[in-house]
Amino acid sequence: MANGARNPYYARNLWSGFLFGLGLVAFFDEAVFHQLLNWHHFYDKSTTQMGLVSDGFFHAFSWFATIGGLFMYADLRRRQALWKTRWLGGVLLGMGVFQLYDGTVQHKLMQLHQIRYNVNILPYDLVWNITAVLMVIAGSIILLKTRRKAGTGGVTNPLSNE
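Predicted, not measured: the structure shown is a model, and the values here were computed from it.

Caption draft 1: Spatial organisation of the packing of helix α2 (residues 10–36) against helix α3 (residues 48–78). Axis separation between α2 and α3 bottoms out at 7 Å; the angle between their running directions is 150°. Regarding the angle of α2 to α3, the classification is roughly antiparallel. Between α2 and α3 lies a crossing of left-handed hand. Per-class residue counts for the contact of α2 with α3 are 15 nonpolar, nine polar and five charged.

So this is what it looks like as structure tokens:
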């Protein structure tokens, strides 16, 4: 497919990946840290019951984002406008932005919850936020490279889905 045919959809490839990445990392956070490890709930400033209710809303949000991203992905495939490299950049950006928002705004500014309690939190915060920044950087690099390709007007192999 010519890049020119993809250009009208290059933003949609980004947003599909972004929503999917955001939902995926939120789901992973909720399933692993909230349920399996039981380290915290979405909202830890009240009773355990309220923590579980807040986890339910958080879980629903993560699935809506994931499913929304997948519907957009399916539409891009149907239109033969899926740009897998750009979509992957959006996934990494969505994952990183969510995790950075969670680690800075929800954990530190709003103090809704911490990653863990009754331990030295600094190593957890560092790993959490450094991982988030690395995902944002990787996703941004991929997106910048695909943005440049979209502007070249050159032809690519349609089977490569770069």
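Moving on from the coordinates now.
Caption draft 2: Structural detail: the side chain of Q114. If you trace the backbone, Q114 turns up in the loop between α4 (84–109) and α5 (122–152). In this structure the side chain of Q114 is engaged in a polar contact, spanning 2.8 Å, whose partner is the backbone oxygen of H107. Reaching out from Q114, the side chain makes a polar contact with the side chain of K108 at a distance of 2.9 Å. Those residues within four positions of Q114 in sequence are excluded, and the remaining contacts are H40, H107, K108, I121 and D125.

Caption draft 3: Quick peek at the packing of aromatic side chains. Inspection of every chain in the model, using the stated rule, returns seven aromatic pairs. Measuring from ring centre to ring centre gives 5.4 Å for F20 and W87, while their planes differ by 35°; the resulting arrangement is tilted. Taken together, the residues F20 in helix α2 and W87 in helix α4 connect sequence positions 67 residues apart. W87 matches F20 in its accessibility class, with the two residues each being buried. Aromatic ring contacts, followed pair by pair, group F20, Y73 and W87 into a single cluster.

Caption draft 4: Just the nonpolar core, in detail. If you look at the biggest cluster of nonpolar residues, it comprises 20 residues, and the most contacted ones within it are W87 and F98. Counting only elements with at least two residues in this core, the list comes to α2, α3, α4 and α5. The biggest single contributor to this core is α2, with six residues. Those residues within four positions of F98 in sequence are excluded, and the remaining contacts are L22, V25, A26, D29, F58 and F61.

Caption draft 5: Layout of the side chain of Q106. Topologically, Q106 is positioned in helix α4. Sequence-distant contacts of Q106, defined by excluding residues within four places in its chain, comprise F42, Y101, Q111, L112 and H113.

Cut-offs applied
Residues numbered from 1 in each chain as written. Predicted model: local features only at pLDDT ≥ 70, side-chain atom pairs only at ≥ 80, totals over all residues. Heavy atoms only, no water. Axes fitted to C-alpha atoms, helices over the stretch in contact; angles between N-to-C directions. Helix = DSSP H or I, 4+ residues; strand = E, 2+ residues; numbered from the N terminus. Parallel < 35°, antiparallel > 145°, perpendicular 65-115°, else oblique. Left-handed = near helix turned anticlockwise from the far one by under 90°. Nonpolar A, V, L, I, M, F, W, Y, C, P; charged D, E, K, R; others polar. Polar contact = N/O pair within 3.5 Å; in protein donor to acceptor, adjacent residues only side chain to side chain. Contact = heavy atoms within 4.5 Å. Phe/Tyr/Trp six-rings, centres within 6.5 Å; stacked < 30°, edge-to-face > 60°. Buried < 20%, exposed > 50% of the residue type's maximum accessible area, 1.4 Å probe, protein only. Core = buried A, V, L, I, M, F, W, Y, C linked by side-chain atoms within 4.5 Å.

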